[in-house]
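What the coordinates show
The chain contents come next:
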Amino acid sequence: MQIQNSDTGEADVIKDEAAARSGMPARRRGIQGRLDGIRATRTGALTLKIVVGIIGVVMVVGGLIMVPFPGPGWLVVFAGLAVLSTEFHWARKLLEFGKRTLHAWTEWYKRQGWTVRILVLIVTLAAAGAIVYAGLRTLGIDVIEIGLNFVQTR
């Protein structure tokens, strides 16, 4: 032991030796280590929960808004749940439920014949088209009217 050298500026060496003798696990590296450092204080843990909560909720809500439109809506929802699951147990459970449900749906869909697959495709395209049409109508754009005017001028 080098305790007699503590006032000579070798405090880091002494701390490292004490940590090596300790039964505690080493601090994790990377992002997990940083998050552990933030969580080490009550204020840091609360601040981290609030920041992660806000970011996750914004992602989930934004993803849900994007779901009816073409694009990565569900991907953003799952990404938001993944962010929330870093701090909230309920989000981790919900994310796991979503993964299981998506896997079950995918497996069911793979077992179906081509008639059911085509029917699912038609229903999906019709729903997406209706949602896009309704969204454009709320913006004051009537694509059917525009299409009819285009056809009539030809």
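Below or above, wherever it landed, is the structure these notes cover. (Residues numbered from 1 in each chain as written. Predicted model: local features only at pLDDT ≥ 70, side-chain atom pairs only at ≥ 80, totals over all residues. Heavy atoms only, no water.)

So, a nonpolar patch on the surface
This is how it is decided: Only residues whose relative accessible area exceeds 30% and that form no salt bridge are eligible for patches; like-charged ones are grouped when within 9 Å, while nonpolar side chains (Val, Leu, Ile, Met, Phe, Trp, Tyr) are grouped when within 5 Å. Residue burial considers only the protein chains on display, and all accessible areas are found by Shrake-Rupley using a 1.4 Å probe. Salt bridges, as used here, are contacts in which a Lys or Arg side-chain nitrogen is within 4 Å of a carboxyl oxygen on Asp or Glu. A run of H or I in DSSP counts as a helix once it spans at least four residues, and a run of E counts as a strand once it spans at least two, with each numbered from the N terminus.
On the surface, a cluster of nonpolar side chains totalling about 560 Å² of accessible area is made up of Leu 139, Ile 141, Val 143, Ile 144, Ile 146 and Leu 148. Inspection of the secondary structure assignment puts Leu 148 in helix α7 (residues 143-152).

A word on the packing of aromatic side chains
Each aromatic ring pair is described using two quantities: the centre-to-centre distance and the angle formed by the ring planes. Which entries qualify depends on this criterion: Pairing of aromatic side chains here covers Phe, Tyr and the six-membered ring of Trp, requires ring centres within 6.5 Å, and sorts the geometry by plane angle: under 30 degrees stacked, over 60 edge-to-face, intermediate tilted. In this scheme, a residue with accessible area under 20% of its type's maximum is buried, one over 50% is exposed, and one in between is partly exposed, where area comes from a 1.4 Å probe on protein chains only. Here, a charge over a ring is recorded when the distance from Lys NZ or Arg CZ to the ring centre is within 6 Å and its angle to the ring normal is within 35 degrees.
Considering all chains together, one arrives at 3 aromatic pairs under this definition. Seen in terms of ring centroids, Phe 88 and Trp 90 are 6.0 Å apart; in terms of plane orientation they differ by 40 degrees. Their pairing is tilted. Overall, Phe 88 belongs to the buried group, its relative accessible area being 19%. With a centroid separation of 6.0 Å and an interplanar angle of 25 degrees, the aromatic rings of Trp 105 and Tyr 109 are classed as stacked. Linking Trp 105 with Tyr 109, this pair stays in helix α5 (residues 89-111), spanning 4 residues, or about one helical turn. A connected cluster of aromatic rings, assembled from ring pairs, spans Trp 105, Trp 108 and Tyr 109. The ring of Tyr 109 is capped by Arg 117, whose NZ or CZ atom sits 5.3 Å from the centre of that ring.

A look at the nonpolar core
To keep things clear, this is the line we draw: Residues belong to one nonpolar core when they are buried, are Ala, Val, Leu, Ile, Met, Phe, Trp, Tyr or Cys, and are joined through side-chain atoms within 4.5 Å. When checking whether two residues touch, look at their non-hydrogen atoms; a contact exists if any pair is within 4.5 Å.
Grouped together as the largest cluster of nonpolar side chains are 6 residues: Val 60, Leu 81, Leu 84, Phe 88, Ala 91 and Leu 95. Ignoring anything within four residues of it in the chain, the contact list for Ala 91 reads Leu 81, Leu 84 and Ser 85.

Considering the layout of surface pockets
For clarity, the threshold we go by: Cavities and pockets were defined on a 1 Å grid built over protein atoms only: a cavity is a set of grid points that admits a 1.4 Å probe from which the probe cannot escape, a pocket is an open set flanked by protein on both sides within 12 Å along at least five of seven lines, and lining residues are those with an atom within 4 Å of any such point. Grid points are joined across faces, edges and corners, and a volume is the space filled by probe spheres set on the points. Note on residue categories: nonpolar means Ala, Val, Leu, Ile, Met, Phe, Trp, Tyr, Cys or Pro, charged means Asp, Glu, Lys or Arg, and polar means any other residue, Gly included.
Its boundaries defined by the atoms lining it, the largest pocket holds a volume of some 190 Å³. If you go around the largest pocket, the residues you meet are Val 67, Pro 68, Phe 69, Gly 71, Pro 72, Gly 73, Trp 74, Leu 75, Thr 124, Ala 127, Ala 128 and Ile 131. Sorting the residues of the lining of the largest pocket by element identifies α4 (73-85) and α6 (114-138) as the ones contributing at least two each. The leading source of residues in the lining of the largest pocket is α6, at 4 residues. Residue classes in the lining of the largest pocket are distributed as 9 nonpolar, 3 polar and no charged.

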